[in-house]
Amino acid sequence: MKKLVIANWKMNPQTLLEAKRLFHSIEVRLHKFNHIQVLIAPPIVFLPVFAHSQHYSRLCSQNISFVEAGALTGEVSASQIKQFKVEYAILGHSERRMYLGETDDMVVKKLDLCFQHKIHPILCLGGDRLASKTNIKNIILKQFKNRTKRVSSNNLAKIIFAYEPTYAISTSKNVKPETGEFASQMIKYIRLLVAKKIGKDKALGVKVLYGGSVNKNNVYDYASFQDIDGALVGGASLNSDNFYDVIKEFNHQASKQSI
Ligand code: PGA
């Protein structure tokens, strides 16, 4: 199975020119890799610009609205982004929960809309202001239950999960990086929760990524664990050399693991 690495640019860069430069400097080097799929998640305003530029990467939205259409100032709907060759969307990121008041019920509605519009959802778990190493399993369980409660088994198998403990995100106040070992245990746990709903065999086909301060210096620690199907990369994806090293390592480990 190919690994998946996502560049989550968040609200960066500030100009279209910089965004184009960054996009092309990533895209131009991707042809070398056969064991990996790269997604680029720029700010929504740049999505139309890249709609026809990707040859090797795929476009991902950082969010969609929880409603289909209507009087929602500032929101962008699934059908609107779908017009720009967007194939994936990140849902339930902790920054949206902490700073914008996103609730689990909104995430449930966003998941529904992704399935309706055939957008692959990347569902974050573990993002909570109060997350710590001791309660992270409970947070994962609670969010998993609350967010997937309306999802059919068929659709559950289509979700890409991202284990994203808030305390490990590079911009968190007291950032505590996660070890590959611990991340891999939590990823096994998420796969177990999925398996309880859709069976072990199908759950093995579901991708579970890790996100939180992944960069060129620590990527080996994550990529070397076979359970970790890839990474959601924030800060390091804003530097194409740093991001390139992350991709290269995941590709390398995936090529070894597929033997
Ligand atoms: P980070 O961000 O790699 O900068 O920690 C990850 C994320 O929030 O998706």
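Predicted, not measured: the structure shown is a model, and the values here were computed from it.

**Q** Could you give an account of the sheet that holds strand 6 (residues 160-163), with specific residues and numbers?
**A** The strand order 1-2-3-4-5-6-7-8 describes a closed barrel built from 8 strands, whose pairing is parallel. Each strand axis lies, on average, 25° off the axis of its neighbour in the sheet, ignoring direction. Here 4 bridges tie strand 4 (residues 86-91) to strand 5 (residues 120-125), and the two strands are oriented parallel to one another. For L91, the partnering residue across the bridge sits in strand 5 and is L123. Against the sheet, helix 6 (residues 136-148) makes contact with strand 5 and strand 6, and its axis sits at roughly 145° relative to strand 5, the strand it touches most.

**Q** Describe the site of the ligand, naming the residues involved and giving the relevant values.
**A** As a matter of local geometry, the ligand sits amid N8, K10, H93, E164, I169, S170, G212, S213, L232, V233, G234 and G235. A distance of 3.4 Å separates an oxygen atom of the ligand from a polar atom in the side chain of N8. Side-chain polar atom of E164 to an oxygen atom of the ligand: 3.0 Å apart, as the coordinates give it. When the ligand is considered free in solution it has 280 Å² of accessible area, and contact with the protein chains removes 99% of it. Grouping the amino acids of the shell around the ligand by side-chain chemistry returns 3 nonpolar, 7 polar and 2 charged.

**Q** Lay out the packing of aromatic side chains in plain terms, naming residues and giving numbers.
**A** Under the counting rule described, the total for this entry stands at 6 aromatic pairs. Centroid distance F23 to F50: 4.1 Å. Interplanar angle 5°. Geometry classified as stacked. Here F50 lies in helix 2 (residues 47-50) and F23 lies in helix 1 (residues 16-27), a separation of 27 residues in the sequence. A ring pair is formed by F144 and F161, whose centres lie 5.9 Å apart and whose planes are at 35°; its orientation type is tilted. Remark: F161 occurs in strand 6 and F144 occurs in helix 6; sequence separation between them is 17 residues. The ring of Y244 has R29 sitting right over it, with the charged end atom 4.2 Å from the ring centre. Geometry around Y189 places K137 over its ring, the cationic atom sitting 4.8 Å from the centre.

About the criteria used
- Residues numbered from 1 in each chain as written.
- Predicted model: local features only at pLDDT ≥ 70, side-chain atom pairs only at ≥ 80, totals over all residues.
- Heavy atoms only, no water.
- Pairing = 2+ DSSP bridges.
- Helix = DSSP H or I, 4+ residues; strand = E, 2+ residues; numbered from the N terminus.
- Axes fitted to C-alpha atoms, helices over the stretch in contact; angles between N-to-C directions.
- Contact = heavy atoms within 4.5 Å.
- Near = heavy atom within 4 Å.
- Polar contact = N/O pair within 3.5 Å; in protein donor to acceptor, adjacent residues only side chain to side chain.
- Areas by Shrake-Rupley, 256 points an atom, 1.4 Å probe, with all protein chains shown as cover.
- Nonpolar A, V, L, I, M, F, W, Y, C, P; charged D, E, K, R; others polar.
- Phe/Tyr/Trp six-rings, centres within 6.5 Å; stacked < 30°, edge-to-face > 60°.
- Lys NZ or Arg CZ within 6 Å of the ring centre and 35° of its normal.

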